[in-house]
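# Fold and geometry: a report
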Amino acid sequence: GNHTQSNFILLGITDTPWAQAPLFGLFLLIYIITLVGNVGLMVLVWVAPSLHSPMYFFLAHFSLADVCYSTVIFPKMLTDLLFGNKTISWAGCVTQFHLFALFATAECHLLAAMAYDRHVAICHPLLYVTAVSPRTCWQLVAWSYLVASLSALIYTSCIFGGSFCGPRQVDHFFCDASPVLRLVCSDTRGSEATIFALAAANGLGTSVVILLSYGRILHAALATAPSRARALRTCASHLASVSVFYGALFFMYLQPASRHGSRDKVASVFYTVLSPMLNPFIYSLRNKEVKAVLGRCRRRM
């Protein structure tokens, strides 16, 4: 179509000139911390035999998804803040959104797999070896990426399958669903309904698995006094991270297009910028096993 030959303009987080340099420094620092934290965790899981367990297997893949979808967004955002060239090609916009949707959806299913792993380990320890075998772990990860790939393909088709006309100014810092859909000239009600239904299936389905798993974990922790405090701390930190991630996603994708506005950028910062940076610290660096491996590495160095 004629829209495939045009560029989009990303308006970014702010159009205030004096704020561009401080925001560039802040987001560059966040991106570096995100890469160091998540890549460092993947390397630790790979080299340390004591971390070759299903929990850290899922954490490594979760960190990989964090690195991937952060890298889909951060470099373009940093370039826009530094040089002010906010144009992005139609193909680049499609690719950015497709990869973002793929890895963000995969994270939802990986979070559900991690919650299932913790549920079996704490509530059914005698069945853990058979219920969460290496084959089961690979199947859960493969399922996460398969569902994410199909979902991302449908999301992208719904958003970029229409006709674009008029100004192509995307009021966002990356090509997200709602700001791009506002630029479509044709009727988008069918696309919006499809996106809403698929986002609800992925988001609500995985969140129910997470809540049920952690609910059973809390119930088991309250029944056994010695492990109560540790389990409660672990569940509280994990649920806090899940709440931030899912809360921002639900705000963005489970509301009508007419309600989207400037607050979308604030919500997007939580799940595209802050969540990938904090996840390595919340999910792994509070664990005794990871601290022990880091201590051994520090002593060797």
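Scoring rules and cut-offs
- Residues numbered from 1 in each chain as written.
- Predicted model: local features only at pLDDT ≥ 70, side-chain atom pairs only at ≥ 80, totals over all residues.
- Heavy atoms only, no water.
- UniProt positions renumbered as here; feature names shortened; annotations may be inferred.
- Helix = DSSP H or I, 4+ residues; strand = E, 2+ residues; numbered from the N terminus.
- Buried < 20%, exposed > 50% of the residue type's maximum accessible area, 1.4 Å probe, protein only.
- Disulfide = S-S within 2.5 Å.
- Axes fitted to C-alpha atoms, helices over the stretch in contact; angles between N-to-C directions.
- Left-handed = near helix turned anticlockwise from the far one by under 90°.
- Nonpolar A, V, L, I, M, F, W, Y, C, P; charged D, E, K, R; others polar.
- Pairing = 2+ DSSP bridges.
- Contact = heavy atoms within 4.5 Å.
- Core = buried A, V, L, I, M, F, W, Y, C linked by side-chain atoms within 4.5 Å.
- Salt bridge = Lys/Arg side-chain N within 4 Å of Asp/Glu carboxyl O.
- Parallel < 35°, antiparallel > 145°, perpendicular 65-115°, else oblique.

Going by what an unreviewed UniProt entry lists, the protein is known as Olfactory receptor and is assigned to Rhipidura dahli. Check the Sequence similarities (unreviewed entry) section of the UniProt entry for the protein; it says "Belongs to the G-protein coupled receptor 1 family." Recorded in UniProt under Function (unreviewed entry), the annotation for the protein is "Odorant receptor."

### Here's the deal with the overall build of the protein
Within the protein, the regular secondary structure consists of 10 helices and three strands. For the protein, the N- to C-terminal ordering of α and β elements is β-α-α-β-α-α-α-β-α-α-α-α-α. Among the 301 residues that make up the protein, the fraction classed as buried is 50%.

### Notes on the state of the cysteines
Per the stated rule, a full pass over the model turns up one disulfide. A sulfur-sulfur distance of 2.0 Å marks the disulfide that ties Cys93 to Cys175. In this structure the cystine formed by Cys93 and Cys175 twists about its S-S bond by roughly -120 degrees; its chirality is therefore left-handed. In this pair, Cys93 is assigned in helix H3 (residues 90-123) and Cys175 in the loop between strand S3 (169-170) and helix H6 (177-181), connecting sequence segments 82 residues apart.

### Brief notes about the packing of H3 against helix H5 (residues 134-160)
Contact pair H3 / H5: the axes reach a minimum separation of 8 Å and the direction vectors enclose 145 degrees. Between H3 and H5 the crossing geometry is right-handed. Looking at side-chain class alone, the contact of H3 with H5 contains 22 nonpolar, seven polar and no charged residues.

### Overview of the sheet that holds strand S2 (residues 87-89)
One open sheet accounts for three strands, arranged S2-S1-S3; its pairing is mixed. The outermost strands of the open sheet, each flanked by one partner alone, are S2 and S3. For strand S1 (residues 7-10) and S3, the ladder comprises two bridges, and the chain directions are parallel. Bridge assignment links Leu10 to a residue of S3, and that residue is Val170. Docked against the sheet, H3 engages S1 and S2, running at close to 85 degrees with respect to S2.

### Here's the deal with the UniProt feature "transmembrane region" (unreviewed entry) in the protein
When the UniProt feature table is mapped onto this chain, "transmembrane region" (unreviewed entry) is found at residues 23-48, 55-77, 97-116, 137-164, 193-214, 235-254 and 266-285. Taken end to end, residues 23-48 is 96% helix and 0% strand, and its first and last C-alpha atoms sit 37 Å apart. End-to-end, the C-alpha atoms of residues 97-116 are 29 Å apart, and along that stretch the chain is 100% helix and 0% strand.

### Comments concerning the nonpolar core
Grouped together as the largest cluster of nonpolar side chains are 88 residues, with contacts concentrated most on Phe27, Phe100, Leu111, Phe160 and Tyr271. Take this core: its biggest share by element is 19 residues, from H3. Excluding residues that lie within four positions of it along the chain, Leu111 makes contacts with Phe62, Ile210, Val242, Phe245, Tyr246 and Tyr283.

### Describing the pattern of salt bridges
For the structure shown, the criterion picks out three salt bridges. Among the ionic pairs, Lys76 bridges to Asp80, the shortest N-O distance being 3.1 Å. Of this pair, Lys76 and Asp80 both sit in helix H2 (residues 54-83), four residues apart, which is roughly one turn of that helix. Among the residues examined, Lys76 registers a relative accessible area of 18% and is labelled buried. Taking relative accessible area as the criterion, Asp80 reaches 6% and is therefore assigned buried. For Arg118, the salt bridge identified is with Asp117, shortest N-O distance 3.1 Å. Neither Arg118 nor Asp117 differs from the other in exposure class; each is buried.

### Side note on the environment of Pro17
If you trace the backbone, Pro17 turns up in helix H1 (residues 17-47). The spacing of Pro17 and Gly84 is 67 residues in sequence and 9.4 Å in space, taken between C-alpha atoms.

### Concerning the packing of H5 against helix H7 (residues 189-223)
Here H5 crosses H7 at 160 degrees, and the two axes come no closer than 9 Å. Our classification of the angle between H5 and H7 gives roughly antiparallel. H7 is crossed by H5, and the crossing has left-handed handedness. Seen from H5, the contacting residues are Val147, Ser151, Ile154, Tyr155, Cys158 and Ile159; seen from H7, they are Ser191, Thr194, Ile195, Leu198, Ala199 and Asn202. Here the contact of H5 with H7 is composed, by residue class, of eight nonpolar, four polar and no charged.

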